[in-house]
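Chain by chain, the residues run as shown.
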There are 2 protein chains.
Amino acid sequence: MGVQRKGSLLSFRPDIKVLDATLRDGGICNDFYFSDAFAKALYQMNLAAGVDYMEMGYKASKALFDPAKFGKYKFCDEEDLRKIVGDNKTDMKLAVMADVGRTDFKKDIIDKKNSVIDMVRIACYINEIPTAIQMAEHCAKCGYETCVNVMAVSKAKDEEIDSALEMLGESPVDVIYLVDSYGSLYPEQVAKLTLRYLEYGAKYKKRIGIHAHNNQQLAFGNTIEAASWGAELLDMTVNGIGRGAGNCSSELLLGFLKNPKFHLTPVLSFISEYMLPLRESGVVWGYDVPYLLTGRLNAHPSSAIRFIKEKRTDYAAFHGELLDRD
Amino acid sequence: MGVQRKGSLLSFRPDIKVLDATLRDGGICNDFYFSDAFAKALYQMNLAAGVDYMEMGYKASKALFDPAKFGKYKFCDEEDLRKIVGDNKTDMKLAVMADVGRTDFKKDIIDKKNSVIDMVRIACYINEIPTAIQMAEHCAKCGYETCVNVMAVSKAKDEEIDSALEMLGESPVDVIYLVDSYGSLYPEQVAKLTLRYLEYGAKYKKRIGIHAHNNQQLAFGNTIEAASWGAELLDMTVNGIGRGAGNCSSELLLGFLKNPKFHLTPVLSFISEYMLPLRESGVVWGYDVPYLLTGRLNAHPSSAIRFIKEKRTDYAAFHGELLDRD
């Protein structure tokens, strides 16, 4: 490509930060019903593991989502967070995600000085960038670090991506995320997209992040591919928990990164003590054939999630249904 | 790297051949006790899917391994194979694996004209190359296509690899395999090793193959990485079945390759009808935390397999044991 990778395997890249999205993307698997014990142990574990950012959940509108039907990490009320993290007098930053169209941001994103939250991650589809920027401007004015996570970029055309990156470049957003929502991207595509994002990042002084999905068992591979070209914020979840096929596993990523500030053992203990019981309680996530099929066809995983919920195993028929739909 | 990848994602690479190792590497998970129905359906499925080579199992010495303790795919007697494949009057080639030191090759590898087998894959560690070449010479003289699979190359030094490739280059071997036995290689390392193998391949007119393991969820990613630089023989197993964390999944690889001769649907049906029941019968394989730990430490998966058999889940303690041992 005529461009150099930013480091070799053995490089210690102090610019790389990791973000634990267990409560947020993992919450999609259990309607955000994590126990206080789970959340507190996860917080302590992330501190011990040297994690840079912990995403506490969504900042969803209670007018749109019934608080009786979701656990508290769907809403991330200030008092609920403080029960877990106190005033978070640590070096680890706390993040929340705010979806375009699903957050009363003017009401629910309060001034930073009254909040334990450090970063707001705004998730949008590529046609919603102007609204995302409006939200980011509000959040930046309130004093937060901001991200925009442009979802499902595998569906977007090159010129749409360029124009999105240009707009985000000119906005106050701190970090722009490459998001493979459908788990459909192969490493070669991730490399090309990362370089495109980095080009705008260099021009506008923005950091680039990556959020990968594991539909084709490439979440970890794609994450380190993006990192090798210069992505600096890497999303992960413990045991890969997350919607459908899940995310890049913390244990894989922290096992790979060379910065001595990261520690793998706390993650391993947390898996034994909290993730195995969570799985045994019936929460389902991780690679499975139906997710491969939606990922490969660059489709939303919703039909695969439904297929698995219905305990169907006729993969060939499901594949046929997906092809008919396209 | 100053070298070009051999194709882009959309390239149709007619040079790429796939090898189904389900009975062989998968057999390690159930002591090769596959039913005739399973093997026959797998054979038909591979034909329908456009698979180029089907590996039928090992050619193990009955003096060393008790035939009462293993299924027939550990030995691949001619009459047993013919019960499954008849005379195999098809375009798909049949392979067997012969381990250095575990095969009575002079007795058990018979003349090709009396065998339904097309290719003998000789597996060895890097210090056993001279013996592997002796076996390859015998097999070539008998009329077979030959491979040498140099195992655990992640443990070998660069100069050992160069000298192995030089010796294999000068031998009658047709294909040289890059084998990541411990699932410890990252894509960047696979790229570098593949290029090194290809250098000797170009010099001596040998094809290069890749056999990956999924300890770090990189079996598929590493396989397509090697293919993108020019590896031509790609190993896979249905649902990734194989020792420990298993192999590159056929459904992922055939879902990726662009050659219209490959078909995904037969694989999907086979998973529903045969692989799910196999898993339900208690056969265990696939990514799990202990395999990540041995892979990451570039260690044989045997201790992880034992850990899982003992139903232990204290991953942090296991990690400590692995570190002590090193």
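Calculation notes
- Residues numbered from 1 in each chain as written.
- Chains lettered and ligands numbered in written order.
- Predicted model: local features only at pLDDT ≥ 70, side-chain atom pairs only at ≥ 80, totals over all residues.
- Heavy atoms only, no water.
- Buried < 20%, exposed > 50% of the residue type's maximum accessible area, 1.4 Å probe, protein only.
- Helix = DSSP H or I, 4+ residues; strand = E, 2+ residues; numbered from the N terminus.
- Pairing = 2+ DSSP bridges.
- Right-handed = clockwise from strand over helix to strand, strands pointing away.
- Least-squares fit on C-alpha atoms with pLDDT ≥ 70 in both.
- Contact = heavy atoms within 4.5 Å.
- Buried area = accessible area lost by both parts, 1.4 Å probe.
- Salt bridge = Lys/Arg side-chain N within 4 Å of Asp/Glu carboxyl O.
- Polar contact = N/O pair within 3.5 Å; in protein donor to acceptor, adjacent residues only side chain to side chain.
- Nonpolar A, V, L, I, M, F, W, Y, C, P; charged D, E, K, R; others polar.
- Phe/Tyr/Trp six-rings, centres within 6.5 Å; stacked < 30°, edge-to-face > 60°.
- Axes fitted to C-alpha atoms, helices over the stretch in contact; angles between N-to-C directions.
- Parallel < 35°, antiparallel > 145°, perpendicular 65-115°, else oblique.
- Left-handed = near helix turned anticlockwise from the far one by under 90°.

**Student:** I'm lost on the pairing of strand E2 (residues 53-58) of chain B in this one. Help?
**Tutor:** On any regular strand, side chains alternate: one points to one face of the sheet, the next to the other face. Residue and element names in this part refer to chain B. In terms of burial, E2 is largely enclosed, as six of its six residues are buried. Direction of pairing for strand E1 (residues 17-20) relative to E2: parallel, over a ladder of two bridges. Each residue of the ladder has a partner; that of Leu 19, found in E2, is Tyr 53. Bridging between E2 and strand E3 (residues 93-99) involves four bridges; their strand directions are parallel. Bridge assignment links Met 54 to a residue of E3, and that residue is Leu 94. Handedness of the β-α-β unit built from E2, helix H3 (residues 78-85) and E3 comes out right-handed.

**Student:** Looking at this model, I keep getting lost on the relation of the copies chain B and chain A. Mind explaining?
**Tutor:** Turning one copy of the chain about an axis and sliding it along that axis gives the other copy, so a rotation and a shift relate them. In the superposition of chain B on chain A (RMSD 0.0 Å, axial shift 0.0 Å), the rotation amounts to 180 degrees. On this basis, the relationship between the two copies can be described by a two-fold rotation axis. Residue by residue, 100% of the interface of chain B is reproduced at the interface of chain A, so both copies engage with the same surface.

**Student:** Teacher, can you tell me more about the environment of Cys 142 of chain B here?
**Tutor:** Residue and element names in this part refer to chain B. By the secondary structure assignment, Cys 142 is in helix H5 (residues 129-142). Residue Cys 142 is classed as buried on the basis of its relative accessible area, which comes to 11%. A C-alpha to C-alpha distance of 6.8 Å links Cys 142 and Ile 110, two positions 32 residues apart in sequence.

**Student:** Quick question: what am I supposed to make of the interface of chain B and chain A here?
**Tutor:** Accessible area lost during the coming together of the parts is what is often quoted as the interface size. Of the residues lining the interface, 40 residues belong to chain B; the matching set on chain A comes to 40 residues. For the pairing of chain B and chain A, the buried interface totals around 3400 Å² over both sides, and the portion due to carbon and sulfur atoms is 64%. On the surface where chain B and chain A come into contact, there are zero salt bridges. Seen at the junction of chain B and chain A, the total is eight residue pairs in polar contact (both at pLDDT 80 or more). Put simply, the parts of the chain that give the side of chain B that touches chain A at least two residues each are helix H7 (187-204), helix H8 (219-229), helix H9 (250-256), helix H10 (265-280), helix H11 (289-296) and helix H13 (315-325) of chain B. Counting residues per element, the side of chain B that touches chain A draws most heavily on H10 of chain B, at six residues. Looking at side-chain class alone, the side of chain B that touches chain A contains 18 nonpolar, 17 polar and five charged residues.

**Student:** What is the right way to look at the packing of aromatic side chains in this model?
**Tutor:** The description of two aromatic rings rests on the distance between their centres and on the angle between their planes. For the coordinates displayed, the defined rule picks out 26 aromatic pairs over all chains. Between Phe 38 of chain B and Phe 270 of chain B, the aromatic rings sit 5.2 Å apart at their centres with planes inclined by 70 degrees, giving edge-to-face as the arrangement. Taken together, the positions of Phe 38 of chain B in helix H2 (residues 36-49) and Phe 270 of chain B in helix H10 put the pair 232 residues apart, joining distant regions of the chain. Note on Phe 38 of chain B: relative accessible area 3%, which makes it buried. The class of Phe 270 of chain B is buried, set by a relative accessible area of 3%. Through pairs of rings, three or more aromatic residues link up here, namely Phe 34, Phe 38, Tyr 73, Phe 270 and Tyr 274 of chain A.

**Student:** Would you explain the pattern of salt bridges in this entry?
**Tutor:** When the charged atoms of two side chains lie near each other, side chains of opposite charge can form a pair. All names here are of chain A. Tallied over the full model, the rule gives 50 salt bridges over all chains. Note that Arg 196 and Asp 162 form a salt bridge whose closest N and O atoms lie 3.0 Å from each other. A residue pair is termed long-range when its members are at least 10 positions apart, and Arg 196 in helix H7 (residues 187-204) and Asp 162 in helix H6 (residues 158-170) qualify at 34 residues. Classification of Asp 162 as partly exposed rests on a relative accessible area of 25%.

**Student:** Would you take a moment to explain the packing of helix H2 (residues 36-49) of chain A against helix H10 (residues 265-280) of chain A for this structure?
**Tutor:** The packing of two helices is summarised by the inter-axis angle and the distance between the axes. Residue and element names in this part refer to chain A. Where H2 contacts H10, the axes come no closer than 9 Å and their chain directions differ by 160 degrees. Regarding the angle of H2 to H10, the classification is roughly antiparallel. When the axes of H2 and H10 are compared, the crossing they make is left-handed. Counted together, Ala 37, Phe 38, Ala 41, Leu 42, Met 45, Ala 48 and Ala 49 of H2 and Pro 266, Val 267, Phe 270, Tyr 274, Met 275 and Leu 278 of H10 form the full contact between these two elements. For the contact of H2 with H10, a count of residues per class yields 13 nonpolar, no polar and no charged.

**Student:** Even after reading the chapter, I still don't get the environment of Lys 93 of chain A, so can you show me in this structure?
**Tutor:** Residues and elements named next belong to chain A. Assignment of secondary structure puts Lys 93 in strand E3 (residues 93-99). C-alpha separation for the pair Lys 93 and Val 148, spaced 55 residues apart in sequence, amounts to 17 Å. Excluding residues that lie within four positions of it along the chain, Lys 93 makes contacts with Asp 52, Tyr 53, Met 54, Asp 118 and Glu 145. In terms of polar contacts, Lys 93 uses its side chain to reach the side chain of Glu 145, at 3.1 Å.

**Student:** It is not clear to me how the sheet that holds strand E7 (residues 207-211) of chain B should be interpreted in this structure. Could you clarify?
**Tutor:** Sheet strands line up and pair through hydrogen bonds in the backbone, either parallel or antiparallel. Residue and element names in this part refer to chain B. Taken in spatial order, the eight strands of this closed barrel run E1-E2-E3-E4-E5-E6-E7-E8, and their pairing is parallel. Within this sheet the neighbouring strands show an average axis-to-axis angle of 25 degrees, counted without direction. In this fold H7 packs onto strand E6 (175-179) and E7, with an angle of close to 165 degrees to the strand it touches most, E6.

**Student:** I would appreciate a short explanation of the pairing of strand E7 (residues 207-211) of chain A in the present structure.
**Tutor:** All names here are of chain A. Along E7, four of the five residues are buried, which leaves the element largely enclosed by surrounding structure. Pairing analysis gives five bridges linking strand E6 (residues 175-179) to E7, with the strands arranged parallel. Looking at the pairing, Val 179 lines up with His 211 of E7. The parallel pair E6 and E7 is bridged by H7, and the resulting crossover is right-handed.

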